[in-house]
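# Architecture and fold: a report
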Amino acid sequence: MSGDAASQAACETPFDAMARPQLPAWQELEAHAAAVSDTSLRALFDSDASRGTRLTAEACGLYLDFSKQRVTDETLQLLVKLARSAGVAERAEAMFRGERINVTERRAVLHVALRAPKSQQIFFDGEDVVPGVHAVLEAMGVFANDVREGRWTGHTGRPIRNVVNIGIGGSDLGPVMACQALRHVSDRSLTLRFVSNVDGTDFAEAVRDLDPAETLCIVSSKTFTTQETMANAGSARDWVLGALEDEAAIARHFVAVSTNADAVAAFGIDTANMFGFWDWVGGRYSMDSAIGLSTMIAIGPDGFRELLAGFHAMDEHFRSAPFDENLPVLMGLLAVWNTTFLGCRTLAVLPYDQYLARFPAYLQQLTMESCGKRVTLAGEPIDPAADGGYTTGPIYWGEPGTNGQHSFYQLIHQGTEVIPCDFIAFANSLNPLGRHHHLLMANVFAQAEALAFGKSSEQLVAEGCAEWLIPHRTFPGNRPSSTILADRLTPALLGSLIALYEHSVFVQGAIWNINCFDQWGVELGKQLAGKIVPELEATDEPELAHDSSTNALIRRYRRMRG
Ligand code: F6P
């Protein structure tokens with residue numbers, strides 16, 4: 001066998017045998033989508049008084065109401081049939097078994113091991129990985145407590161008061177989101193900052209008011225080669241050394257989180273101050289690994305373990321619950337239904353909780369780096385415009401309610417695009433303040449109701465609306481949404497909520513037959529930037545061989561910089 005053929009064989013997966021549009025369930029769903037296209041949510045609710053309680057599911061403290069999605073019982077049966085015929089359960093089991101389901105990178109996908117209890121065994125290449133996970137958690141716990149309780153001091157002996165996480169993508173978005181979401185249980189005497197953008201402004205503003213003598217920098221990077229992170233880490237080192245004027249200070253003010261010990265050592269961080277993780281943890285699935293060190297320092301080791309327990313509870317639910325009661329399966333199937341069969345291109349995630357302000361941004365990497373794919377696992381094109389093609393990954397976006405209501409909700413209610421929404425809300429506020437929480441919750445319930453049922457011209461006439469204004473004031477309704485309602489935002493609840501979306505993405509990927517664990521689409525821009533950097537920095541006029549637009553922009557930039 002040639003080298004190419006051997007690696008091709010090594011990448012073969014048993015899951016991609018049948019093109020999805022040839023599956024009977026897929027074809028039935030296509031016909032069904034056409035048949036129900038005229039059915040309104042109002043009609044569905046009118047004909048079934050129990051719809052609002054029947055089309056719901058509950059697990060891990062999360063109540064999912066999907067009755068306002070444009071689905072019938074038949075839709076759900078067909079979607080479940082599709083999940084079965086696409087091998088969702090088999091593929092999930094392969095993940096839990098540590099198989100290399102990330103075929104293009106020949107990697108296992110074992111983020112579920114990061115939150116497995118000590119008693120569980122999860123094997124990769126014949127080795128149980130769970131003890132290693134807990135060893136790192138223990139080490140993180142000791143370190144986090146040392147920082148929190150003032151035992152870990154800076155170079156001059158002063159306790160650490162500020163923690164700056166330097167990372168990007170999965171090494172940033174999860175920790176940023178979690179630290180914000182769990183601020184109410186975090187140590188308020190510590191200042192947490194996050195630096196991700198290579199724009200120097202990000203670093204400069206993050207440290208402007210911090211004293212290096214009281215600051216710990218966590219350089220978080222799976223590869224420890226990411227350009228943005230390395231540039232920021234270098235500037236952080238200059239900032240610390242500029243103030244403390246002693247190389248020995250690095251050991252007290254820098255720790256690393258990475259899988260690349262050599263690069264950590266080459267940067268100058270003692271690998272004794274490194275917290276490791278593994279090749280089988282994807283960047284966007286890593287916030288519950290050592291990448292969560294900043295989160296653990298903020299909320300403490302016990303809080304972090306609670307967060308992991310919440311993740312694990314959802315893992316177990318995903319693995320064991322029947323598909324029609326399985327929250328991640330239902331959410332994944334609804335995303336496929338809306339995207340592929342109803343033609344909705346985006347999905348809005350609207351948390352009615354200020355602490356979840358960064359949740360949509362976190363979800364953007366999780367969902368779009370995962371499902372933004374245009375070929376199947378076998379490398380076959382998936383061109384929605386071609387015969388037998390289909391649409392994959394929707395655009396996820398969102399903002400916390402109620403702010404979005406005074407911004408983009410107009411388009412969701414009356415625009416020409418249909419945008420399915422996930423509303424996320426909590427029965428109890430963490431900051432009870434007069435009537436605020438009732439006002440907040442009234443809004444979330446009202447928005448979902450308005451989207452589903454709209455306002456007809458008859459209603460407007462009955463209200464005495466001027467005839468010429470009726471088209472402008474009519475709400476078409478029939479706009480789908482799900483509502484996730486939980487008691488209150490605790491670390492465990494947050495873990496379950498994140499794992500819900502992680503596994504929902506898994507289900508979407510399995511049905512679209514794509515690899516939702518690689519991210520080749522980020523490579524080309526990185527390579528081209530690597531080529532352009534020396535062209536911008538050259539003292540002599542460089543020879544440029546880009547297209548005429550890129551050449552002109554580079555030349556203009558050089559002139560503007562003098
Ligand atoms: O954006 C591409 C990516 O590889 C992400 O998948 C990853 O989360 C991010 O870069 C950061 O990578 P690293 O942790 O290796 O610095």
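What comes next concerns the included structure. (Residues numbered from 1 in each chain as written. Predicted model: local features only at pLDDT ≥ 70, side-chain atom pairs only at ≥ 80, totals over all residues. Heavy atoms only, no water.)

### Describing the overall build of the protein
What counts is decided by this rule: Here a helix means four or more residues in a row that DSSP labels H or I, a strand means two or more in a row labelled E, and each is numbered from the N terminus. Radius of gyration: over C-alpha atoms. The globule rule applied is 2.2 Å multiplied by the number of residues raised to the 0.38 power. We call two residues in contact whenever any of their non-hydrogen atoms come within 4.5 Å of each other. The method behind every accessible area is Shrake-Rupley, applied with a 1.4 Å probe, and residues are considered shielded solely by the protein chains displayed. When charges are counted, Lys and Arg are positive and Asp and Glu negative, with His and the chain ends excluded. A charge is said to be at NZ when it belongs to Lys, at CZ for Arg, at CG for Asp and at CD for Glu.
Along the backbone of the protein there are 22 helices and 13 strands. Relative to a compact globule of 562 residues, whose C-alpha radius of gyration would be 24 Å, the protein shows 25 Å and is just as compact. Across its three principal directions, the C-alpha atoms of the protein cover 75 × 70 × 60 Å. Partitioning the contacts of the protein with sequence separation of at least 6, the portion at a separation of at least 24 is 74%. As displayed, the protein offers around 24,400 Å² of accessible surface, 51% of which is attributable to carbon and sulfur atoms. Of the charged side chains in the protein, 45 are positive and 67 negative, and the gap between their average positions amounts to 3 Å.

### Looking at the sheet that holds strand E9 (residues 274-276)
Applicable threshold: We treat two strands as partners when DSSP finds at least two bridges between them. Here the axes come from fitting lines to C-alpha atoms, over the contacting stretch only for helices, and the angles between their N-to-C directions go from 0 to 180 degrees.
Taken in spatial order, the five strands of this open sheet run E6-E5-E7-E8-E9, and their pairing is parallel. One side of each edge strand has no neighbouring strand; the edge strands of this open sheet are strand E6 (191-195) and E9. The mean angle between the axes of side-by-side strands here comes to 20 degrees, regardless of whether they run parallel or antiparallel. Alignment of strand E5 (residues 162-166) against strand E7 (residues 215-220), held across five bridges, turns out to be parallel. Looking at the pairing, asparagine 162 lines up with threonine 215 of E7. Across the sheet, helix H7 (residues 130-148) lies against E7, strand E8 (254-258) and E9, angled at about 145 degrees from E9, the strand it touches most.

### With respect to the site of the ligand
For clarity, the cut-off: One heavy atom within 4 Å of a molecule or strand makes the whole residue count as near it. We define a polar contact as two N or O atoms separated by no more than 3.5 Å, with the added condition that, inside protein, one atom must be a possible hydrogen donor and the other a possible acceptor, whereas residues neighbouring each other in sequence contribute only through side-chain atom pairs.
Lining the immediate environment of the ligand, one finds 13 residues, of which Gly170, Ser171, Ser221, Thr223 and Thr226 sit closest. Measuring from an oxygen atom of the ligand, one finds a side-chain N or O atom of threonine 223 at 2.6 Å. Glutamine 365 is positioned with one of its side-chain polar atoms (N or O) 3.1 Å from an oxygen atom of the ligand. Summarising the interface, the protein chains cover 87% of the accessible area of the ligand, which totals 390 Å² for the free molecule.

### Side note on the pairing of strand E2 (residues 62-65)
Summarising the sheet, strand E1 (residues 56-59) and E2 pair through four bridges and their orientation is antiparallel. Looking at the pairing, threonine 56 lines up with aspartate 65 of E2. The turn joining E1 and E2, which pair antiparallel and follow one another in sequence, is formed by two residues; a positive phi near 55 degrees is taken by cysteine 60.

### Focus on the packing of helix H8 (residues 173-181) against helix H13 (residues 293-320)
Applicable threshold: Roughly parallel covers angles under 35 degrees, roughly antiparallel covers those over 145, roughly perpendicular covers 65 to 115, and oblique covers all other angles. In this scheme, a crossing is called left-handed if the near helix is turned counterclockwise away from the far one by less than a right angle; it is called right-handed if the turn is clockwise. When residue character is reported, Ala, Val, Leu, Ile, Met, Phe, Trp, Tyr, Cys and Pro are called nonpolar, Asp, Glu, Lys and Arg charged, and the others, Gly included, polar.
Across the interface, H8 lies against H13 with an axial gap of 8 Å and an inter-helix angle of 15 degrees. If you check the angle between H8 and H13, you find them roughly parallel. With respect to the hand of their crossing, H8 and H13 are arranged in right-handed fashion. Only Ser294, Thr295 and Ala298 of H13 make contact with H8, whose side of the interface consists of Pro175, Ala178 and Cys179. For the contact of H8 with H13, the class distribution of residues is four nonpolar, two polar and no charged.

### Concerning the sheet that holds E2
Strand order in the open sheet formed by six strands is E1-E2-E13-E12-E10-E11, with mixed pairing between adjacent strands. Taken across any chain shown, the strands that pair with only one partner, and hence form the sheet edges, are E1 and strand E11 (395-397). When the angles between neighbouring strand axes are averaged without regard to direction, this sheet yields 15 degrees. Lying over the sheet, helix H17 (residues 436-453) contacts strand E12 (421-426) and strand E13 (481-486), oriented at roughly 155 degrees with respect to E12.

### What to know about unusual backbone geometry
One can expect most non-glycine residues to show negative phi and most peptide bonds to be in trans. Cis geometry is found at the peptide bond from glycine 401 to threonine 402, where omega equals 5 degrees. Position of threonine 402 relative to the elements: it lies in the loop between E11 and helix H16 (409-414). In this structure, cysteine 60 is a non-glycine residue whose phi angle is positive, near 55 degrees. Position of cysteine 60 among the secondary structure elements: in the loop between E1 and E2. The backbone of asparagine 513 shows a phi angle near 60 degrees, a positive value even though the residue is not glycine.

### Things to note about the nonpolar core
Condition: Take the buried residues of types Ala, Val, Leu, Ile, Met, Phe, Trp, Tyr and Cys, join any two whose side-chain atoms come within 4.5 Å, and each joined set is a nonpolar core. We call a residue buried when its accessible area falls under 20% of the maximum for its residue type, exposed when it is over 50%, and partly exposed in between, using a 1.4 Å probe and counting protein chains only.
Ranked by internal contacts, the top residues of the largest apolar core, which has 124 residues, are Trp280, Ile297, Phe359, Leu494, Tyr501 and Ile511. Broken down by element, the residue count for this core peaks at 13 residues, all from helix H20 (residues 491-512). If we ignore the near neighbours within four places in the chain, the residues touching isoleucine 511 are Arg20, Trp26, Leu82, Ala83, Ala86, Val88, Leu333 and Val336. The next biggest cluster of nonpolar side chains, apart from the first, holds 26 residues, and it includes Val207, Ala236, Val240 and Ile250.

### Considering the packing of helix H2 (residues 24-36) against helix H5 (residues 73-85)
Running from amino to carboxyl end, H2 crosses H5 at an angle of 155 degrees, the nearest separation of the two axes being 9 Å. The angle between the axes of H2 and H5 places the two elements in the roughly antiparallel class. Our pair here, H2 against H5, has a crossing hand that is left-handed. Seen from H2, the contacting residues are Ala25, Trp26, Glu28, Leu29 and His32; seen from H5, they are Glu74, Thr75, Leu78, Leu79, Lys81, Leu82 and Ser85.

### Thoughts on the side chain of histidine 546
By secondary structure assignment, the location of histidine 546 is in the loop between helix H21 (523-537) and helix H22 (548-560). Within polar-contact distance, the side chain of histidine 546 engages the side chain of glutamate 535 at 2.6 Å. With sequence-adjacent residues up to four places away left out, histidine 546 is seen in contact with Lys531, Ile532, Glu535, Asn551 and Ile554.

### A few points about H7
As a reminder, the rule being used: A helix is expected to span 1.5 Å multiplied by its residue count minus one.
Taking 1.5 Å as the rise per residue, H7 with 19 residues should run 27 Å; its terminal C-alpha atoms sit 26 Å apart, in good agreement. For H7, every residue scored as buried is listed here: Val130, Val133, His134, Val136, Leu137, Met140, Gly141, Phe143, Ala144, Asp146 and Val147. Structurally, H7 contributes buried residues whose contacts are with strand E4 (127-128), E7, E8, E9 and H13. Of the residues trailing H7, glycine 150 is marked for its positive phi of about 80 degrees.

### Overview of the packing of aromatic side chains
The cut-off we apply is this: Two aromatic rings from Phe, Tyr or Trp, using only the six-membered ring of Trp, form a pair when their centres are within 6.5 Å; if the ring planes differ by under 30 degrees the pair is stacked, by over 60 it is edge-to-face, and anything between is tilted.
Under the criterion given, the structure shown has 18 aromatic pairs. When the ring of tryptophan 278 is compared with that of tryptophan 280, the centres are 5.0 Å apart and the planes differ by 0 degrees; the resulting orientation is stacked. Residue class for tryptophan 278 comes out partly exposed when judged on its relative accessible area of 23%. By way of ring pairs, the aromatic residues Trp26, Trp337, Phe341 and Tyr390 are connected into one cluster.

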